[in-house]
Amino acid sequence: MEFQKRSFFFSLLPVIASILLFFLKFSLKTAPSGCSLLPHNHYWISSKRIVTQDGVISGAVEIKDGKVFSLVKEEDWHGYIRNGHIVDFGEAVVMPGLIDVHAHLDDPGRDDWEGFPSGTRAAAAGGITTLIDMPLNSEPSTVSVETLKLKMNAAKNRIFVDVGFWGGLVPDNALNATALEGFLRAGVLGLKSFMCPSGINDFPMTNITHIKEGLSVLAKFKRPLLVHAEVQEDVVGESVEDDKNDARLYSTYLKTRPPSMEETAIRNLLTVSENTRAGGPSEGAHLHIVHLSDAQSSLDLLKKAKGRGDSISIETCPHYLSFSADEIPDGDTRFKCAPPIRDADNKEKLWEALTGGDIDMLSSDHSPSLPDLKLLQEGDFLKAWGGISSLQYVLPATWTSGRKYGVTLEQIASWWSEKPAKLAGQHLKGSIAVGNYADIVAWDPESEFDLDENHSSYIKHPSISAYMGRKLSGKVLATFVRGNLVYKEGEHAPAACGSRLLAQ
Ligand SMILES: NC(=O)N[C@H]1NC(=O)NC1=O
Ligand SMILES: [Zn+2]
Ligand SMILES: [Zn+2]
């Protein structure tokens, strides 16, 4: 009897095993690790419009173990893909994920302004797969090995896309080569400094001697110095501030930061940027001008310096390309930033410089604050926090204005991925190419949407964004970071599996 029972049990074993196996397989397929909304490690992304370094192709990208394994043109891929999993985006554009080299996520210390979780969720929803966090607006600022450790800890298991860190070049460390070298060895991707007050107490401005010394240390590491290039010149700001009635006018604010502030800063910078030329004392270092607004004298000077061989690159931001001073409503401090948004003619010139290749790349300069600091009730342009909130919207913002200028998909990929990857030293990012990380955005350039309170925004304070209330074209459908589907049509992967990027 006992024997019979046992043999009956053993005869059932294969059945039990196969049922268990079925459930195991099923649960593996339906419950991903949490890093990805897709339960595959090896799959294909197909589309009629894949932006590659050899132009836009129709075909498929093979993804394996988080990297691009192959690129197959449509005419070849039917025979090539037998029974793999295919994510088909049809006519939508498949492009390298955006790399935002200029974002303030304010974490640790001011995560009520933004924070790593909200900022990187917003990035994922906006097609940004990597962002490089600015050293200021967090508390403390990232200016030393110790403060970099605080950043690393704050980002641990809290980021949905990859995040790297710029370090601050400030008077405290600028003339201390040992401190700077230690900081760079700890992994900051480069340094950032201000030539005017930054608005943040523990991030004082640098003078040209600090910058020169910083460049000489950076040269050894072949990393860039990013500079906020504005200097305060005279008393214009103060005299305007006395006129309380005018503080609600954008033109009043504009007078406090004329193009000459950028021009003078750039003139000063060019006295030391010549050191970065081949054969110069700081060869290997690189000077990157952040958020250029003045498309006239400042740009002309930079063009000349580039022409004579200085290692210089220039970024501007979608807000300088989307808005002009004359259309900013009285009291609407959502538009306050530094340098300021200038007139319509300047905007045209910025587009010309960007499409002509004189401006190298784009960044968000996402610089939010608590909504109260924007003083939206008073509408005081002189006292409100300066900074545009835009992180999630930069791709549609660039496309919405850019399409009027005949911008191509390849240009978007160059400005938002390829050039930024180079600046940040990310050699396996910036293009959909075999061996690179599978950092990819799929988006529909033809799809329009109203950016209003019904739109799913993930930045912490959407109400202070200058883009709120606009109609934009270019809807992000899906975002992949290292092969993980981190965002798809309103849904994020449950786990925060972004990597913290340290320079080696
Ligand atoms: N501190 C800070 O983020 N400042 C930024 N805001 C802005 O409008 N320009 C900047 O440099
Ligand atoms: Zn700045
Ligand atoms: Zn900034």
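This text follows the structure it describes.
Residues numbered from 1 in each chain as written. Chains lettered and ligands numbered in written order. Predicted model: local features only at pLDDT ≥ 70, side-chain atom pairs only at ≥ 80, totals over all residues. Heavy atoms only, no water.

Caption draft 1: Spotlight on the coordination of the zinc ion (ligand 2). Around the zinc ion (ligand 2), the protein contributes the donor atoms His228 (ND1) and His291 (NE2), which lie 2.1 Å from the metal centre. Between the zinc ion (ligand 2) and the zinc ion (ligand 3) the interatomic distance comes to 3.7 Å. Within this pair, whereas His228 is found in strand S11 (residues 224-228), its partner His291 is found in the loop between strand S12 (286-289) and helix H11 (297-307), the two being separated by 63 residues in sequence. Each member of the pair, His228 as well as His291, is classed as buried. (Donors = N, O, S within 2.8 Å, 3.2 Å for Na, K, Ca; no water. Helix = DSSP H or I, 4+ residues; strand = E, 2+ residues; numbered from the N terminus. Buried < 20%, exposed > 50% of the residue type's maximum accessible area, 1.4 Å probe, protein only.)

Caption draft 2: Spatial organisation of the coordination of the zinc ion (ligand 3). Distances from the zinc ion (ligand 3) to its protein donors, namely His102 (NE2), His104 (NE2) and Asp365 (OD), fall within the range 2.0 to 2.2 Å. Mapping the donors of the zinc ion (ligand 3) onto the primary sequence yields the spacing H-x1-H-x260-D. Exposure remark for His102: the relative accessible area of 1% places this residue in the buried category. Note on His104: relative accessible area 4%, which makes it buried.

Caption draft 3: Layout of the environment of Met152. As for its position among the elements, Met152 is in helix H4 (residues 145-155). Taking the C-alpha atoms as reference points, Met152 and Leu501, separated by 349 residues in sequence, lie 9.4 Å from one another. For Met152, the contacting residues outside a window of four places in its chain are Phe165, Arg500 and Leu502. (Contact = heavy atoms within 4.5 Å.)

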